[in-house]
Amino acid sequence: MVEIFRTASSQARISSDGGDVRVTAGWLASLTVAAVIVAPAEPIAVAATPTQASTAVTPLATGPQPGTFTGRGFDTCAAPSQTTMNAWRTSSPYGAVGIYISGASRSCSQPNLTASWVANQTSNGWRLIPIELGYQAPCGTRTPKMSADPTTARSQGVSAANSAANAAQALGIGAASTLYNDIEQYPSNASCRAAVLSFLSGWTEQLHVRGYLAGMYSSGSSGIKDVCEAYDNPSHTRLDQIWIAWWNGVADTDAGSYCADAHYADQQRIHQYAGEVTETWGGVTMKIDRNYLDVRVTQTPPPQWTTTIDNSTSGGFTASTEWGTSAYSGQRFGTDYRFTSPVSSSDVAWFRSTIPATGSYEISVWYPADAGYNNQTPYLVETTTGSRSVLVNQRINGGRWVSIGVFTLAAGTGNKVGVSRWTSGTGLVVADAVRITRV
């Protein structure tokens, strides 16, 4: 089988083709991803904080982009002129257009791409497909490459999400829009796949914090195949939508053998079914890639608030001098983590946060796993009715978010989650990162 896929410069290329957690409070199943998520008033995050929005008034696109839409679209390297867009709107079969809004790997200048251009197109009925073209797979040939280290790649995904969200906001592309990360074809292998999936987890989680949905464009045989095979893997955060590059000439959202029909099945797909084609509509000629979209704004519960506190977050973590610092494990969150031996006294390492309102919050914890770590690590949660204890086996399920339950937390700033040394278990006790999400 032969697969054809595109590059950012639109040059065609051809290639052949049981967790152990004991909880003394309630347990919450996986949450539905929110389309609109609001960041905390005083965010504490491991990633760089988003650039502050300009005070200038930015024209707004009409509704989320591409929003809910079924039909044909096209993408091209540079945003077309207004004259071209007008000609194609009245005479072409296309109703959506892909635009490269951000990323260090963009190969075309974008003189037309302004907030006014965005507002004009959406006012004329166009749907926009916003694209970030930046970090590429570490095993590929494109640059800049993401790190082969999954932890570093995750943080790069967070940075990419902030870059794309900032660009979208500056262009007037608002909340609940889907931003698509373009990762071009790569020769997938286990280590490369781990980096890409970790990068996309950071991308997805941070876009949700910023109020956007997370999509990804890639070749069917590499990126799409990898994310679809990891669809039910709890170690990675699932994307909201996928954009399949498979030039089979069929205008539908089928992905063939690259992605099971049951995955991303709820109007969550775009199919780039042809590329490098030249078309003329309304007397105006362009070279484009053809796409078919079947997407919608995710139906969601009320907006969520979430924050992540790492052991290195300034003002967000305190521990005694008995807690050492290590970067030994590649499963760590951030640059390092804290550890100590168990003793018959509490000596709690505390994660501090500002809770916006009294209510129910899911607590998830992150730690590297090792056979020498403690099999009964006590996590303490400060609830409105007192301290609650949850025992976690830190020998398993490392390098991922592990939910320890849902608790009622009081509004205000203070120590919310702690890791105690007082345990009957054996092995080192680890404190790495905590995520708090309103539910």
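A brief report on the enclosed structure follows. (Residues numbered from 1 in each chain as written. Predicted model: local features only at pLDDT ≥ 70, side-chain atom pairs only at ≥ 80, totals over all residues. Heavy atoms only, no water.)

### Comments concerning the packing of aromatic side chains
Under the convention used in this document: The rule is short: rings of Phe, Tyr and Trp, with Trp giving its six-membered ring, pair when the centres are within 6.5 Å, and they are stacked under 30 degrees, edge-to-face over 60, tilted in between. For helices the rule is a DSSP run of H or I covering at least 4 residues; for strands it is a run of E covering at least 2, with both sets numbered from the N terminus onward. Working definition: with a 1.4 Å probe on protein chains only, accessible area under 20% of the residue-type maximum means buried, over 50% means exposed, and in between means partly exposed. Should the NZ of a Lys or the CZ of an Arg lie within 6 Å of a ring centre and within 35 degrees of the ring normal, that charge is described as sitting over the ring.
The full count for this structure, using the stated rule, is 13 aromatic pairs. For the ring pair Phe-74 and Trp-88, a centre distance of 5.1 Å and an interplane angle of 55° mean the geometry is tilted. Highlighted residues: Phe-74 in strand β4 (residues 69-75) and Trp-88 in helix α1 (residues 82-91), separated in sequence by 14 residues. One exposure class covers both Phe-74 and Trp-88, and it is buried. Between Tyr-135 and Phe-199 the ring centres are 5.9 Å apart and the planes differ by 70°, which places this aromatic pair in the edge-to-face class. With a gap of 64 residues between them, Tyr-135 in the loop between β6 (127-132) and α3 (150-170) and Phe-199 in helix α4 (residues 190-209) connect regions that are remote in the sequence. In this structure, Arg-89 is placed above the aromatic ring of Trp-126, and the distance from its NZ or CZ to the ring centre is 5.5 Å. Here the guanidinium or amino end of Arg-238 rests over the ring plane of Tyr-231, the centre of that ring lying 3.6 Å away.

### Examining the sheet that holds strand β8 (residues 213-219)
Sheet strands pair via backbone hydrogen bonds, and the direction of the pair is either parallel or antiparallel. Rules: Pairing between strands requires that DSSP locate at least two bridges from one strand to the other. Interaxial angles span 0 to 180 degrees and are taken between N-to-C directions of axes, which are lines fitted to C-alpha atoms, for helices over the stretch in contact. Whether two residues are in contact is decided by their heavy atoms, any of which lying within 4.5 Å being enough.
Taken in spatial order, the 8 strands line up as β4-β5-β6-β7-β8-β9-β10-β11 and close into a barrel, and their pairing is mixed. For this sheet the average axis-to-axis angle between neighbouring strands, irrespective of direction, equals 35°. Summarising the sheet, strand β7 (residues 178-182) and β8 pair through 5 bridges and their orientation is parallel. Paired with Tyr-180 across the strands is Gly-215, a residue of β8. Here α1 sits on the sheet in contact with β4, β5 (96-102), β10 (268-281) and β11 (284-295), set at roughly 55° to β11.

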